[in-house]
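Descriptive analysis of the structure
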Amino acid sequence: MHELSLLAPEERIEALCDALEALGALSISVEDADAQTDAEQALFGEPGLPPPREGWQRSRVVALFTAEAAARDASLLLQAQDFFAECRVLAMAPVPDEDWVRLTQSQFAPVEVTPEFWIVPTWHELPMQARQSIRLDPGLAFGTGTHPTTRMCLRWIARQGGTGAALGRVLDYGCGSGILAIGAAKCGAAAVDAVDIDPAAVETAVRNAQANGVPIAAGPPERADGVYQTVLANILATPLKVLAPLLCAHVAPGGHLVLAGILERQADELRDAYAPYLALGVADSEDGWILMTATHPGGA
Ligand SMILES: C[S@@+](CC[C@H](N)C(=O)[O-])C[C@H]1O[C@@H](n2cnc3c(N)ncnc32)[C@H](O)[C@@H]1O
């Protein structure tokens, strides 16, 4: 493998990436050329929404080619194009052969939810103190337990399950890998429905549930049916606001709504969006993310 690194202004990134793809690049990444310096620029966007910008004012574009000759040809061809005028070749270098599977695996260690409840990749031994665990391999679907939003939901599930207060029938709305659904099933849920708009996530959730030996019923969002004692949704603030009436309608009298994917500064807008249905409060926080929960006022 050979890597070609280029410097490009924001307005040239799209043309450059299109050209690199046409020239056979296996992968292309765009980074802030000023990362880790005083000139570094923050660029935030929510998944599902168009990116706020194509890239940074000074972007480093790195393309991977199968061989040195392909990288060199691409470099020469690009330099002959008009749009390349404000761009520059930074470097061309071989990429050392690595055991990528091992390297990827080494980045995923067991994750502690509570001292007794762990998420453990299948290639790892269970930690001695783990009395309860979710065995999970990182796949394409979100939800390996390494993100604070997932961990906060699992902590809530473990706490709720541990108090003897029944999780009851559970809905995991936006299940990703199925990690919350599996956690709920392991913490005593009576039955678990897991839904996601992404069919690949649904497939992954089914596989992960089987691997953990717990029954969950997974499918598209229309599969959510009736009311649940516990409704979990770790998505993001914008879709959570849109989903407010739908999610609240699924909460049984006396039941719980648990929302994650919300930044601290978004607490008020979420509270306002849910106020017509349920009163949300902040129940947990980690690394700038918050967990918001509400209890349905009905029931015993
Ligand atoms: C941040 S991931 C959470 C995954 C997992 N539940 C967890 O806690 O780690 C959000 C998931 O919600 C799904 N999603 C996003 N918008 C949705 C919607 N409107 N309805 C259902 N699922 C949605 C995404 O496909 C994604 O798998």
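Bear in mind the structure is a predicted one, so any value in this text is a computation, not a measurement. (Residues numbered from 1 in each chain as written. Predicted model: local features only at pLDDT ≥ 70, side-chain atom pairs only at ≥ 80, totals over all residues.)

Section: the overall build of the protein chain
- On a plain count of helices and strands, the protein chain comes out with nine helices and 14 strands.
- Across the 300 residues of the protein chain, 35% fall into the buried class. (Helix = DSSP H or I, 4+ residues; strand = E, 2+ residues; numbered from the N terminus. Buried ≥ 20, exposed ≤ 12 C-beta atoms within 10 Å, placed from the backbone.)

Notes on the sheet that holds strand S7 (residues 132–135)
- Strand order across the open sheet formed by three strands is S5-S6-S7, with mixed pairing between neighbours. The sheet is open, and its two borders are formed by strand S5 (111–114) and S7, each paired with just one other strand. On average, each strand axis in the sheet is inclined to that of its neighbour by 20°, with strand direction left out of account. (Pairing = 2+ DSSP bridges. Axes fitted to C-alpha atoms, helices over the stretch in contact; angles between N-to-C directions.)

Here we look at the pairing of S5
- Relative to strand S6 (residues 117–120), S5 is paired through three bridges, and the arrangement is antiparallel. Opposite Val-111, over in S6, you have Ile-119 as the bridge partner.
- Adjacent in sequence and paired antiparallel, S5 and S6 are bridged by two residues.

What about the environment of Leu-280?
- The topology assignment puts Leu-280 in the loop between helix H9 (267–274) and strand S13 (281–286).
- Accessibility expressed as a C-beta count within 10 Å gives 21 for Leu-280, which makes it buried.
- For Leu-280 and Asp-73, which are 207 residues apart along the polypeptide, the C-alpha to C-alpha distance reads 58 Å.
- Leu-280 has contacts with Leu-270, Arg-271, Tyr-274, Met-292 and Ala-294, leaving out every residue within four places of it along the chain. (Contact = placed C-beta atoms within 7 Å.)

A short note on unusual backbone geometry
- A positive phi angle is found at Gln-36, which is not glycine, with a value near 65°.
- Structurally, Gln-36 can be placed in the loop between strand S2 (27–32) and strand S3 (58–65).
- The exposure class of Gln-36 is exposed, given the 7 C-beta atoms found within 10 Å.
- Phi is positive for Asp-287, close to 50°, though the residue is something other than glycine.
- Examined against the element boundaries, Asp-287 turns out to sit in the loop between S13 and strand S14 (289–295).

Observations concerning the environment of Glu-40
- Residue placement: Glu-40 occurs in the loop between S2 and S3.
- The class for Glu-40 is exposed, based on 12 C-beta atoms found within 10 Å.
- The sequence separation of Glu-40 and Leu-171 amounts to 131 residues, and the corresponding C-alpha distance is 41 Å.
- Setting aside its immediate chain neighbours within four residues, Glu-40 contacts Asp-32, Asp-34 and Ala-35.

Digging into the domain arrangement of the protein chain
- Along its sequence, the protein chain is organised into domain 1 (2–97) and domain 2 (104–295).
- For domain 1 versus domain 2, the distance between C-alpha centres works out to 37 Å. (Domains from an automatic or database assignment.)

Considerations on the nonpolar core
- Cys-153, Ala-181 and Val-231 are the most contacted members of the largest nonpolar core, which has 56 residues in total.
- Setting aside residues no more than four positions away along its own chain, Ala-181 makes contact with Asp-172, Cys-175, Val-192, Ala-194, Ala-205, Ala-209 and Ile-216.
- Counting 15 residues, the second largest nonpolar core, distinct from the first, contains Leu-20, Ala-25, Ala-63 and Phe-65. (Core = buried A, V, L, I, M, F, W, Y, C linked by C-beta atoms within 7 Å.)

A closer look at the packing of helix H4 (residues 148–162) against helix H5 (residues 179–186)
- Two numbers describe how H4 lies on H5: the axes approach to 10 Å, and their chain directions differ by 15°. Compared by their axis directions, H4 and H5 come out roughly parallel. Crossing angle aside, the handedness with which H4 passes H5 is right-handed. Taken together, the residues of H5 that come into contact with H4 (itself represented by Thr-150, Cys-153, Leu-154 and Ile-157) are Ile-179, Leu-180, Gly-183 and Ala-184.
- Classifying every residue of the contact of H4 with H5 by side-chain character gives six nonpolar, two polar and no charged. (Parallel < 35°, antiparallel > 145°, perpendicular 65-115°, else oblique. Left-handed = near helix turned anticlockwise from the far one by under 90°. Nonpolar A, V, L, I, M, F, W, Y, C, P; charged D, E, K, R; others polar.)

Regarding the pairing of S13
- In this structure, S13 lies alongside S14, joined through five bridges in antiparallel fashion. Each residue of the ladder has a partner; that of Glu-286, found in S14, is Trp-289.
- What sits between S13 and S14 in their antiparallel hairpin is a turn of two residues, with Asp-287 showing a positive phi close to 50°.

Observations regarding the confidence of the model for the protein chain
- On average, residues of the protein chain carry a pLDDT of 90, and 94% of them reach 70 or more.
- Here the prediction assigns the complex a pTM of 0.75, and the interface score ipTM is 0.99. (pLDDT = per-residue confidence, 0-100.)

Let's talk about helix H6 (residues 199–211)
- Taking 1.5 Å of rise per residue, 13 residues should cover 18 Å, and H6 covers 19 Å from first to last C-alpha, within 8% of that figure.
- For H6, every residue scored as buried is listed here: Ala-201, Val-202, Thr-204, Ala-205, Asn-208 and Ala-209. End-on, the buried residues of H6 take up no more than an arc of 165°, which puts them together on one face. More than 90 degrees from the buried face of H6, the exposed residues found are Pro-199, Ala-200 and Gln-210.
- Along its buried surface, H6 packs onto H5, strand S9 (191–195) and strand S10 (217–219).
- Trailing H6 by a residue or two, Gly-213 shows a phi angle of about 65°, which is positive. (Expected span 1.5 Å × (residues − 1). Arc of directions from axis to C-beta.)

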